[in-house]
Amino acid sequence: MPLLEVRNLKAYYLTSRGPVKAVDNVSFDLERGESLGLAGESGCGKSTLGFSLINLLPPPGKIVDGSIKIDGIEVVGKPDEELRREVRWKKISMIFQGAMNALNPVLTIGDQLSEPLIYHQGVSKVEATERVKEHLELVGLDPDIYKRYPHELSGGMKQRAVIAMALLEHPDVIIADEPTTALDVIVQAQILNLLKSLKKKLNLSIIFISHDLAVISEIADRLAIMYAGEIVEIGPSENLYLNPRHPYTQKLLGAIPRLKKKVERLEFIPGAPPNLIHPPSGCRFHPRCPYRFEPCDKEEPPFIEVEPGHYVRCHLFAKR
Amino acid sequence: MAEVVVKVENLKKYFPLRRSVVEFLRGSPPRSVKAVDDISFEIHRGEVFALAGESGCGKTTTGRLIVKLLEPTSGKIYFNGTDVTTLSREEEKEYRKKAQIIFQDPYGSLNPRFRVYNVLEEPLILQGIGETKSEREELIIRALESVRMVPPEEFLGRFPHQLSGGQRQRVAIARALILNPEFIVADEPVSMLDLSIRAEILNLMEDVKKRFGLTYLYITHDLSTARYFSDRIAIMYLGKIVELADSDTLVENPLHPYTKALIAAVPEPEPSMKDVIKEIPIKGEVPSAANVPPGCRFHPRCPYRFEPCDKEEPPFIEVEPGHWVACHLYSKR
């Protein structure tokens, strides 16, 4: 049984102008010790999906339908009190985007990291300190950082502290939302190395959310591409990077400037992602798709398995 | 030899730091952040010259010094042979017409209470270009067309918040183009944009460069776009240029240990890396520019440091034609 099972998940923002369908009918599995990259343009719903998984969607966001099972526990519809006690941070935790800049500036790193242990688990202050120090070491920080304030740390150190925070209650799944976006490239490589070694050491499952496909390729065993609230392609990283099927995936990969390969002219995707209150009919990508044909603006394409474990939502691969 | 548009000579910019009470009482000397510390380079007509480096290396300060948004502590900046560090106010206004800047953050660089029309009209009014409103409108429409915001009439009345990130950055480019400049400093013009739009904006900048015969200083932390977009790349570290070469040479045959580390750290969209812990030859992070290490400023992080590195500052030497590096490894001994 997979560790995380998401089925037909729908998370909408219920605004006065109508529901914004930020996550629409998303299904996927995640095995223990596996990493899944989640990529797409801004506004495609990837962060909303992350927030839904941990059940912390900011209002007016709401999971309207579907199921999320973490280690066999159904979390959709579970009372918040129980979620807090049993699931959140213990089974699944999240490294929020920009969290390193959201550390409380007037508390020491130690105080902010031990707080959840003291309040959630009722451990004594002394024991909490011990555990925080262990976790700081685990992420490659000097345990003496415990006594430091956030402004005394560099960006890379703060990001490590935030990762330690997410790991404190030994979750099985960790959602990392753009964890390296604000970092310099050398620090970014160090953080990616850290996540890779943690994944191995703790047999951690990671959902890595980023708009940067080059960064994702460094860590993801499988890759899911989101467009306008839907997963349009998902499969093993090797298949997606080397043999992308969906026109959107192909275009996204064609837009990446490569350092070690000279590209004469980069491609880009004309147009903008659609409005998610009234997404386009049929295939949501059809207004921007260079290969669109007869059924694309009418029928929604099915999710088709083109190779074992490699699924594509595109009429080009549907049997006709 | 190509014609030189911008020449920077021994440029320095120090930002003074306030002394603490203790420092003041002890009579310690005032300290400063050496954001740009003695750099020299030339930008040729029609080229894209990239300044690349990590945050805090002084690349943005250099760009702002060149367009005179900051006054240098010392050093010279020549534009078409004229020293622009000692211009009168009138001459400075004239200079601003020829040298423009595109800022990093299109969400912050456009006045939220200005419509696109006003954003583009302001430089014209300030420079006294266009006698009548209709003449100015004509120029504005042409500028919007040149950044492919068509039909332009549709965008004139919009506020920045009604535009996407890519459209905002195009307005910023149009604002830089409207005075018909020769030279544009592009300070991280795509780093805040989505990957799919980055390519579009870079291609657009390339096209307007060809069309209007522009020269760019491209400031970036991203070596991949620097290679794609620029002809030559200079790598900065703590206020100094440590290596300078044409883009292909710099990426394929880097000499400075810092450049090598930067290049090793850049992720490539190759799934084969996913289980490999990448070897990054250097440790730690960039030290504060208020506290620059003696000798070569990279020596505390350098895996190859040897005897002279912590004492003498390495000279900037030309190893091959056009390939400069500041590292003791390549000095004649």
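Predicted, not measured: the structure shown is a model, and the values here were computed from it.

**With respect to the overall build of chain A**
Part 1 of the argument: Each helix and strand in chain A was counted, giving nine helices and twelve strands.
Part 2 of the argument: In summary, chain A has a C-alpha radius of gyration of 20 Å against a globular reference of 20 Å for 320 residues, a match within 12%.
Part 3 of the argument: By principal-axis analysis of the C-alpha atoms, chain A measures approximately 65 × 50 × 40 Å.
Part 4 of the argument: Here chain A, with 320 residues, has 58% of them falling under the buried criterion.
Part 5 of the argument: For chain A, the proportion of contacts with a sequence separation of at least 24, taken over those separated by at least 6, is 63%.
Part 6 of the argument: For chain A, the computed accessible surface area is about 13300 Å², with 51% contributed by carbon and sulfur atoms.

**Looking at the environment of Leu 124 of chain B**
Part 1 of the argument: Relative to the assigned elements, Leu 124 of chain B resides in helix H4 (residues 116-127).
Part 2 of the argument: The spacing of Leu 124 of chain B and Ile 178 of chain B is 54 residues in sequence and 7.7 Å in space, taken between C-alpha atoms.

**Some details on the packing of aromatic side chains**
Residue and element names in this part refer to chain A.
Part 1 of the argument: As enumerated under the stated definition, the model contains 15 aromatic pairs over all chains in all.
Part 2 of the argument: Counting every residue linked through ring pairs, the aromatic cluster contains Phe 51, Trp 89 and Phe 96.
Part 3 of the argument: Geometry around Tyr 146 places Lys 133 over its ring, the cationic atom sitting 5.4 Å from the centre.
Part 4 of the argument: Above the ring of Phe 303, the side-chain terminus of Arg 313 is found at 4.6 Å from the ring centroid.

**Some thoughts on the sheet that holds strand S5 (residues 73-74) of chain A**
Residues and elements named next belong to chain A.
Part 1 of the argument: In space, the four strands of this open sheet follow the order S2-S1-S4-S5, with antiparallel pairing throughout. Of all the strands in the sheet, just strand S2 (18-30) and S5 have a single pairing partner and so form its edges.
Part 2 of the argument: Judged from the ten bridges that link them, strand S1 (residues 4-15) and S2 form a sheet pairing that is antiparallel. In the sheet register, Thr 15 faces S2, and the bridge partner there is Gly 18.
Part 3 of the argument: Relative to the sheet, helix H1 (residues 46-53) contacts S1, S2 and strand S4 (61-70), its axis offset from that of S1 by approximately 110°.

**Overview of the interface of chain B and chain A**
Part 1 of the argument: Contacts between chain B and chain A engage 42 residues on the former and 48 residues on the latter.
Part 2 of the argument: When the two sides are added together, the surface that chain B and chain A hide from each other amounts to roughly 4200 Å², 56% of it contributed by carbon and sulfur.
Part 3 of the argument: Ranking the residues of chain B by area buried against chain A places Leu 195, Pro 269 and Lys 274 of chain B at the top, with a combined share of 17%.
Part 4 of the argument: Applying the counting criterion to the chain B and chain A interface returns six salt bridges.
Part 5 of the argument: Between Asp 221 of chain A and Lys 274 of chain B there is a salt bridge, and its shortest N-O distance comes to 3.8 Å.
Part 6 of the argument: Where chain B meets chain A, there are 16 residue pairs in polar contact (both at pLDDT 80 or more).
Part 7 of the argument: Those elements that provide at least two residues to the side of chain B that touches chain A are helix H8 (195-212), helix H9 (223-229), helix H10 (247-252) and helix H11 (257-265) of chain B.
Part 8 of the argument: In terms of residue class, the side of chain B that touches chain A is made up of 19 nonpolar, seven polar and 16 charged.

**A closer look at the confidence of the model for chain B**
Part 1 of the argument: For chain B, mean pLDDT is 91; residues scoring 70 or higher make up 99% of the total.
Part 2 of the argument: Predicted complex, confidence summary: ipTM 0.85, pTM 0.90.

**Overview of the pairing of strand S4 (residues 74-79) of chain B**
All names here are of chain B.
Part 1 of the argument: Bridge count for strand S1 (residues 4-16) against S4 is five bridges, and the pairing is antiparallel. Following the sheet pairing, Val 8 is matched in S4 by Ile 77.
Part 2 of the argument: Bridge count between S4 and strand S5 (residues 82-83): two bridges; the pairing is antiparallel. What sits directly across from Phe 79, in S5, is Thr 82.
Part 3 of the argument: The antiparallel hairpin formed by S4 and S5 contains two residues in its connecting segment, where Asn 80 sits at a positive phi of about 50°.

**Focus on the packing of helix H5 (residues 155-167) of chain A against helix H6 (residues 185-202) of chain A**
Residue and element names in this part refer to chain A.
Part 1 of the argument: Taken N-terminus to C-terminus, the directions of H5 and H6 make an angle of 20°; their axes are 10 Å apart at the nearest point. In terms of axis orientation, H5 runs roughly parallel to H6. Crossing of H5 against H6: the hand is right-handed. For the pair H5 and H6, contact is made by Gly 156, Gln 159, Arg 160, Ile 163 and Leu 167 and by Val 187, Gln 190, Ile 191, Leu 194, Leu 195, Leu 198 and Leu 202, respectively.
Part 2 of the argument: The residue makeup of the contact of H5 with H6, split by class, is eight nonpolar, three polar and one charged.

**Details of the pattern of salt bridges**
Part 1 of the argument: Scanning all chains against the criterion turns up 50 salt bridges over all chains.
Part 2 of the argument: Between Arg 222 of chain A and Glu 34 of chain A there is a salt bridge, with its nearest N and O atoms 2.9 Å apart. Taken together, the residues Arg 222 of chain A in strand S9 (residues 222-227) and Glu 34 of chain A in the loop between S2 and strand S3 (35-39) connect sequence positions 188 residues apart. Note on accessibility: Arg 222 of chain A and Glu 34 of chain A belong to one class, buried.
Part 3 of the argument: Salt-bridge contacts for Arg 96 of chain B lead to Glu 92 of chain B; the nearest nitrogen and oxygen are separated by 2.7 Å. Of this pair, Arg 96 of chain B and Glu 92 of chain B are both found in helix H3 (residues 89-98), four residues apart, which corresponds to roughly one turn of the helix.
Part 4 of the argument: Within the structure, one salt-bridge network assembled from shared partners comprises Asp 80, Glu 81, Arg 84, Arg 85 and Arg 88 of chain A.

Rules of the game
Residues numbered from 1 in each chain as written. Chains lettered and ligands numbered in written order. Predicted model: local features only at pLDDT ≥ 70, side-chain atom pairs only at ≥ 80, totals over all residues. Heavy atoms only, no water. Helix = DSSP H or I, 4+ residues; strand = E, 2+ residues; numbered from the N terminus. Rg over C-alpha atoms; globule rule 2.2 N^0.38 Å. Buried < 20%, exposed > 50% of the residue type's maximum accessible area, 1.4 Å probe, protein only. Contact = heavy atoms within 4.5 Å. Areas by Shrake-Rupley, 256 points an atom, 1.4 Å probe, with all protein chains shown as cover. Phe/Tyr/Trp six-rings, centres within 6.5 Å; stacked < 30°, edge-to-face > 60°. Lys NZ or Arg CZ within 6 Å of the ring centre and 35° of its normal. Pairing = 2+ DSSP bridges. Axes fitted to C-alpha atoms, helices over the stretch in contact; angles between N-to-C directions. Buried area = accessible area lost by both parts, 1.4 Å probe. Salt bridge = Lys/Arg side-chain N within 4 Å of Asp/Glu carboxyl O. Polar contact = N/O pair within 3.5 Å; in protein donor to acceptor, adjacent residues only side chain to side chain. Nonpolar A, V, L, I, M, F, W, Y, C, P; charged D, E, K, R; others polar. pLDDT = per-residue confidence, 0-100. Parallel < 35°, antiparallel > 145°, perpendicular 65-115°, else oblique. Left-handed = near helix turned anticlockwise from the far one by under 90°.

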